[in-house]
Amino acid sequence: MSLATRPQAAKAADLLVWYDRHRRVLPWRALPGERPDPYRVWVSEIMLQQTTIAAVKPYFERFMARFPTVEALAAAPSEDVMQAWAGLGYYSRARNLHACAKAVAERHGGVFPDSEDGLRELPGIGAYTAGAVAAIAFDRPAAAVDGNVERVMTRLFAIDEPLPGSKPLIREQVLALLPHQRPGDFAQALMDLGATICTPRSPACGLCPWREPCEARQAGTQETYPRKQPKKTGKTRFGAAFVAMREDGAVLVRTRPAKGLLGGMVEVPTSEWSADYVLDNAQADAPLKAAWRRTLVPVRHVFTHFPLELAVYVAKVPMATLVPEGMRFTPFARLREEAFPNVFLKALEAGLEALRPPPSAP
DNA sequence: TAACCGTGGCT
DNA sequence: TAGCCAAGGTT
């Protein structure tokens, strides 16, 4: 080993020593000495994209029980996959996950590619996930640069260029640190360090294995990293949601188009959503003619790029009601089986509450 | 490159 | 409260 690379090797070694003592125990993570299951690693990585561990855990356990293997997932109807994902958000992940399972089952004999390049070809697997699965599942020397790693590296080297422009440099620095031994543990160690020590606010520098070499720590500026471009917030959009309940309790629903916002998920019918939506003639947007009445409180929901406020209209409709084109009535007892995103669960709950008959006088 | 794409928790 | 943040990918 050359003198020039020795400090990097020392950094990696120090991190692995820390990891062996402080590694987190996670449902999808193999214990020391165990061989990781690529299927579980892959599913966990997709679920964890922009999503907290606490939110993922129950979904992961249910998902594994329902789809134990990549073949089982590939063979499942897409409605089942979307229903298993409902509430987790970023639903294109679920569509791509299903497509990826089919590709692995059909093109790779049910075996995941073990290289970064091979993984990168699959739907829903980008630069980060390809590196993470290659490293974690197959112990390949790959960089897995997520938000944690970006934070750790920009602090360690006091990288002042704001994200995302600094991504290539960060990736270079990670590759320069990669150890020849245990690259999979190194990838996980870097993420554990970012998640538990090198946190966005109030990092625990006193406990960090890299407290000595960390350039930001030396300058006392660690909490100012990573530098980022400020993001702009979207304008609130408005609209109306329509909860139509048949006399037998069935509710009118429809499936959204496969692409775009909440693509492939189930909704109660709504109007268009826009910043200047006028509520006065909302009933013109109703899916069918009925005695619509508006609930007292609108449903508010915040998406990544805009807030939404939906007025909720409810109506009781007769059994003989014609089902509008592209819609269906779901029996009341089966509403929980539908792949409703949270915003429509909110609208549905508000509607059902308004439709509930008042308690009879004693 | 930048916009799009959910949700929940925390400060 | 309002903004930030969390194991990002696609177009």
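What counts, and where the lines are drawn
- Residues numbered from 1 in each chain as written.
- Chains lettered and ligands numbered in written order.
- Predicted model: local features only at pLDDT ≥ 70, side-chain atom pairs only at ≥ 80, totals over all residues.
- Heavy atoms only, no water.
- UniProt positions renumbered as here; feature names shortened; annotations may be inferred.
- Domains from an automatic or database assignment.
- Buried area = accessible area lost by both parts, 1.4 Å probe.
- Salt bridge = Lys/Arg side-chain N within 4 Å of Asp/Glu carboxyl O.
- Nonpolar A, V, L, I, M, F, W, Y, C, P; charged D, E, K, R; others polar.
- Phe/Tyr/Trp six-rings, centres within 6.5 Å; stacked < 30°, edge-to-face > 60°.
- Helix = DSSP H or I, 4+ residues; strand = E, 2+ residues; numbered from the N terminus.
- Buried < 20%, exposed > 50% of the residue type's maximum accessible area, 1.4 Å probe, protein only.
- Lys NZ or Arg CZ within 6 Å of the ring centre and 35° of its normal.
- Axes fitted to C-alpha atoms, helices over the stretch in contact; angles between N-to-C directions.
- Parallel < 35°, antiparallel > 145°, perpendicular 65-115°, else oblique.
- Contact = heavy atoms within 4.5 Å.
- Near = heavy atom within 4 Å.

Chain A appears in an unreviewed UniProt entry as Adenine DNA glycosylase from Bosea caraganae. Per its UniProt entry, chain A bears the Catalytic activity (unreviewed entry) comment "Hydrolyzes free adenine bases from 7,8-dihydro-8-oxoguanine:adenine mismatched double-stranded DNA, leaving an apurinic site."

Attention shifts here to the domain arrangement of chain A. Examined at the domain level, chain A breaks down into domain 1 (6-224) and domain 2 (237-355). Each of domain 1 and domain 2 has a C-alpha centre, and the two are 37 Å apart. Together, the buried faces of domain 1 and domain 2 total about 690 Å²; carbon and sulfur atoms form 57% of this surface. Put simply, domain 1 and domain 2 have 0 salt bridges between them. Among the residues forming the side of domain 1 that touches domain 2, the class breakdown is 4 nonpolar, 2 polar and 1 charged.

This paragraph deals with the packing of aromatic side chains. Per the counting criterion, the structure on display carries 10 aromatic pairs. Taking the centre distance of 6.0 Å and the plane angle of 45° together, the rings of tyrosine 39 and tryptophan 42 count as tilted. Of the two residues, tyrosine 39 and tryptophan 42 are both situated in helix α2 (residues 38-47); the distance of 3 residues between them amounts to about one turn of the helix. Both residues of the pair, tyrosine 39 and tryptophan 42, count as buried. Centre to centre, the rings of phenylalanine 242 and tryptophan 292 are 5.2 Å apart; their planes meet at 70°, and the pair counts as edge-to-face. Separated by 50 residues along the polypeptide, phenylalanine 242 in strand β1 (residues 237-246) and tryptophan 292 in the loop between β3 (266-267) and β4 (293-294) bring together distant segments of the chain. As far as burial versus exposure is concerned, phenylalanine 242 and tryptophan 292 are alike and both buried. A network of ring pairs unites the aromatic residues Trp273, Phe303, Phe306 and Phe344 as a single cluster. Across from the ring centre of tyrosine 59, 4.8 Å away, lies the NZ or CZ of arginine 62, which sits over that ring. When the ring centre of phenylalanine 329 is taken as reference, the NZ or CZ atom of arginine 246 above it lies at 4.6 Å.

Where helix α8 (residues 127-138) meets helix α11 (residues 183-196), the axes come as close as 7 Å, and the angle between the chain directions of the two elements is 125°. Put simply, α8 runs oblique to α11. Across the interface between the two elements, Tyr128, Ala135 and Ile136 from α8 touch Pro183, Gly184, Ala187, Gln188 and Met191 from α11.

Moving on, we get to the protein's contact with DNA strand C. If you check the shell around DNA strand C, you find 24 residues, and the closest are Glu45, Gln50, Asp146, Asn148 and Arg151. Of all atoms in DNA strand C that approach within 4 Å of the protein, 63% are sugar or phosphate atoms. Counting residues per element, the ones that place at least two in the surface near DNA strand C are α8 and α9 (147-156). Here the residues of the surface near DNA strand C are counted per class, giving 10 nonpolar, 9 polar and 5 charged.

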